[in-house]
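Coordinate analysis (summary)
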Amino acid sequence: MRWSFFVLGFSLLTSFVRAESKFDFATTPGRLPKDVVPTEYAIRIAPDLDKLTFTGSETVQLDVRKPVSKIILNALEMEVTAATIDQHPLPKKAIALDTAQELLTLTLPNELPVGRHEIALEFHGKINAQGQGLFYARYTEQGTKEKKIMLGTQFEATDARRMFPCWDEPSFRARFQLTALVPEKFLAVSNMPIEAEKKIGAKKEVRFMLTPSMASYLVVFCAGELDTIEGEQDGVKLRVVTTRGKAEQGRYALETEAKILHYYNDYFGTPFPLPKLDLIAIPGGFGGAMENWGGITYFESVLLFDPKNSSLETKERVFAVIAHEMAHQWFGDLVTMAWWDNLWLNEGFASWMGTKCTDHFNPEWNEWQRDLPKDRAMDYDARSSTHPVQQPVANEADADAAFDDITYLKGQSIIRMFESFLGPDVFREGIRKYIATHKYSNATTADLWSALTDVSGKPMNTIAPEWTEQPGFPLVEAKQADHSIAVSQSRFTLNFPNPPALTWQIPLTYEVQDQQGANSFLLRQPNDKLPNDELADHAVKLNVGDAGYYRVEYDDASWQRLLGQIGQLSEADRVNLLTDAWALVEANRKPLAFYFDLVGKVTSEDQPVVYEQISETLTFIDRLLIGNPARAQFQNFARGILRPAFDRVGWDEKPGEPAPITQLRGFLIRGLGELQDGDVVSGCRARFAAFLQDRNAIAPDLRPTIFEVVGHYADLRTWEKLHELALATTSIEEKDNLYTALFATTNPGLLARSLAITLTDELPASRAGRLLPRASERSEHPEVVWKFAEAHMPALLAKQDSLGMNRFAAGLFNYFSDAKEAEVLESYAKAKLPPGAEKAVKKAADEVRFRAELKTRLLPQLHSLGEKPSA
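Being a predicted model, the structure only gives us computed values, none of them experimental.

As enumerated under the stated definition, the model contains 42 aromatic pairs in all. The ring of F25 carries the charged tip of K34 above its face, separated from the ring centre by 5.7 Å. The aromatic ring of F594 is capped on one face by K590, whose charged end is 5.1 Å from the ring centroid.

So this is what it looks like as structure tokens:
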């Protein structure tokens, strides 16, 4: 790729960015004093599975850097019963736990001098039902009807303090030696291999080896009646750990783990430093995956794969999640962000690296575009409720709130743009330098930009901060000007009156009709021209391959030339045009017909992500019209767009069919089902009826989609049959599919029965909470979901982990399109929700008001779309 790059003139831009410093422990933000630093923990935990409590003890080696009379660390939801300093007991009154501040203060009898010291603590706490601290997951063992229990931990962001008192901030790195007392038949797993075991009555004491220096939130402990399968790659012992009877479903994960480890060892230039890496499948407690160093935990459905019964979608998800979490073993674990305001250094990078790795091994999956990750980030980032990638984090609630689409998906997108800007080889050298410089330590974003600047010779420490330290993103307008193309930038916004004006240094890419290769240009000013001569008579496509984090609006002449070349564009470029066109409609910069004119020109080929974008847009508009007489006419129009492609791909997979067509079939059935295509709905019902007689009647790839369509239109008998299947299966993947179908019902009475399930122990706590927002979206009755949640809020919040606690209530409003509902949420939040929910409430209220405004604006335009024949 050819880059036009100029060093002069960077000071001309007006940007509201701060000059972040490189990592320095003393000046890193945080709530804990830095005059006492832990260097090594020895922790012993003894869980009581009958009482769901634990007792514990620990000794912590300290580096006291200034004389102190108090030692302050973190603890929560526990009682500290005894403490000593240098083997001298402290009186009970010297031990003070501030629950509100989550701080444990030890008041010392005398000032503690500079040097090495040791504290010892005894404590006890509870084992949680949700993924906070030490938690339990109940499950039915595979192949039996026996109810079992498994223990796991979830410590990110600030929940290690729920299992043992600690300096629970990422810059306080230390070594950890964990010992656990568990039932004799249990297998115990932690970050490091087992060093020793000894029998104690009916139990056994398991001691693990000492870890390298790391952050407290990366400690892991899991235990249960578990099976393993093992392998080795590049001298590292690999395992997949599951509940009994499911180990072989981890075979695909083990094979994936081996190839990814080798790939990352090469990419990062620093081999994985631990002797083993376990992937641990947990049947409940939390909903995703966690990158604990050497012992990554996963909810079963994102780790296990059954070749006979799992879908291609599951296979893709398993690979992608493993790739993401393993990227963290370097970016997050070996090198850890200094403070939670730089969380994107962990999550944005792992999202980018995981996608890059997945695409490397599976290019046919189209990982960069699938699920439209960049577009999801931009939709949020265009709002008044957005925030910079690097956002201020003052406390624990702020840290939990930082885990959002801006951190993950915008972070991923701008890294991809910078890799394209510098070139993949130069970018990799910068990453290698960053890792080598900061391994076993912490870093800030400024450290990353410094490494990239050093290896590239380009001022990334000047260019990049505008993308991470200020919110939003640019709209690039392209217009014919003499014989060139004039380009200008402004801030792109949605439903955001009078936004602060911002500018960026934008790495533009563009292709010119009949010319080979992509051109590049750094737009440093509000207005400029592309440097090529004689561009005005050619079709010019900006943002090649959809790799740039900006939107583009063309003048009419440039747009018409580009439309004439649609057949020559890649799927990524077509998706880029679609997402930008729809965003311009949402922003009231273009009429609805502008988008649908483009749709008519890109649907001649069966490209899955093209149809994914179109289908999502059609169903989005359709949901805005619930209860409106215009809905039936629009559904007829929308079916006419999707149905020809479905008629081409059909219901059944063909021999040798490529993965993209399998993906496309699912998108089309789901979209047409929601748009009430009679043939598709009846086809789903017929296949479900056959499935009840023969489990092979529906291909695994179609089961999630067909179940959901059937559930959406279910009568009582069908709902009960879906529920019966959900109760009977021990497959977490199949349970997910079936319960998702139950919560998609449009029948208010059946929806009430589905919602009631969340108050029982029928589902893992993590799944119960997540199905309610899903029901708000798919049931067409968000008001029913909200009334239920409002009536049972304490019980539902008790099922949330730390990340979900402040988002849950607000998340139930995202699918309303009446501005009055935003006021309902804000009033409820003011009266009932903690201050930590403020960001989620602002985001949800903004979404409701945006939908209400858009609905009002689109309604008059729907009549002018014209009708296409319904299938």
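Anyway, onward from the coordinates.
Right, let's get into the sheet that holds strand β4 (residues 68-74). One open sheet accounts for three strands, arranged β4-β8-β7; its pairing is antiparallel. At either end of the open sheet lies a strand with only one pairing partner, and these are β4 and β7 (95-98). When strand polarity is set aside, the average angle formed by the axes of neighbouring strands in this sheet is 25°. Bridging between β7 and strand β8 (residues 103-112) involves four bridges; their strand directions are antiparallel. Bridging across to β8, I95 finds its partner in L106.

Moving on, we come to the pairing of strand β16 (residues 221-224). The alternating pattern of β16 places F221 and A223 and C222 and G224 on opposite faces, both of which are buried. Pairing between strand β13 (residues 187-190) and β16: four bridges, direction antiparallel. Each bridged residue has a counterpart across the sheet, and for L187 the counterpart in β16 is G224.

Locating E733 in the fold gives a position in helix α20 (residues 732-742). One buried charged residue, E733, remains without a salt bridge, the closest side chain of opposite sign being R317 at 5.4 Å. Within the local environment of E733, its side chain forms a polar contact with the side chain of T314, the two groups lying 2.7 Å apart. Setting aside residues no more than four positions away along its own chain, E733 makes contact with S301, N309, S310, S311 and T314.

This part takes up helix α1 (residues 251-268). Spanning 18 residues, α1 covers 26 Å between terminal C-alpha atoms, matching the ideal 26 Å at 1.5 Å per step. A large share of α1 lies buried, amounting to 13 of its 18 residues. Phi turns positive, to about 75°, at G269, one or two residues after α1.

This part is about helix α6 (residues 405-422). Here α6 contains 18 residues, and its C-alpha end-to-end distance of 25 Å stays within 8% of the 26 Å for a straight helix at 1.5 Å per residue. Among the 18 residues that make up α6, 15 are buried, leaving the element largely enclosed by the rest of the structure. Capping the start of α6 is the job of one residue whose side-chain oxygen sits 3.2 Å from the backbone nitrogen of I406: D404. Residue G423 follows α6 closely and has a positive phi angle near 95°.

Contact geometry of helix α19 (residues 716-728) with helix α21 (residues 748-757) gives a least axis separation of 11 Å together with a crossing angle of 20°. Judged by the angle between their axes, α19 and α21 are roughly parallel. Viewed along their axes, α19 and α21 form a crossing whose handedness is right-handed. Each of L716, W719, E720 and H723 in α19 lies in contact with α21, whose residues at this interface are L750, R753, S754 and I757. The residue makeup of the contact of α19 with α21, split by class, is four nonpolar, two polar and two charged.

How each quantity is defined
Residues numbered from 1 in each chain as written. Predicted model: local features only at pLDDT ≥ 70, side-chain atom pairs only at ≥ 80, totals over all residues. Heavy atoms only, no water. Phe/Tyr/Trp six-rings, centres within 6.5 Å; stacked < 30°, edge-to-face > 60°. Lys NZ or Arg CZ within 6 Å of the ring centre and 35° of its normal. Pairing = 2+ DSSP bridges. Helix = DSSP H or I, 4+ residues; strand = E, 2+ residues; numbered from the N terminus. Axes fitted to C-alpha atoms, helices over the stretch in contact; angles between N-to-C directions. Buried < 20%, exposed > 50% of the residue type's maximum accessible area, 1.4 Å probe, protein only. Lys, Arg positive; Asp, Glu negative; His and termini not counted. Salt bridge = Lys/Arg side-chain N within 4 Å of Asp/Glu carboxyl O. Polar contact = N/O pair within 3.5 Å; in protein donor to acceptor, adjacent residues only side chain to side chain. Contact = heavy atoms within 4.5 Å. Expected span 1.5 Å × (residues − 1). Parallel < 35°, antiparallel > 145°, perpendicular 65-115°, else oblique. Left-handed = near helix turned anticlockwise from the far one by under 90°. Nonpolar A, V, L, I, M, F, W, Y, C, P; charged D, E, K, R; others polar.

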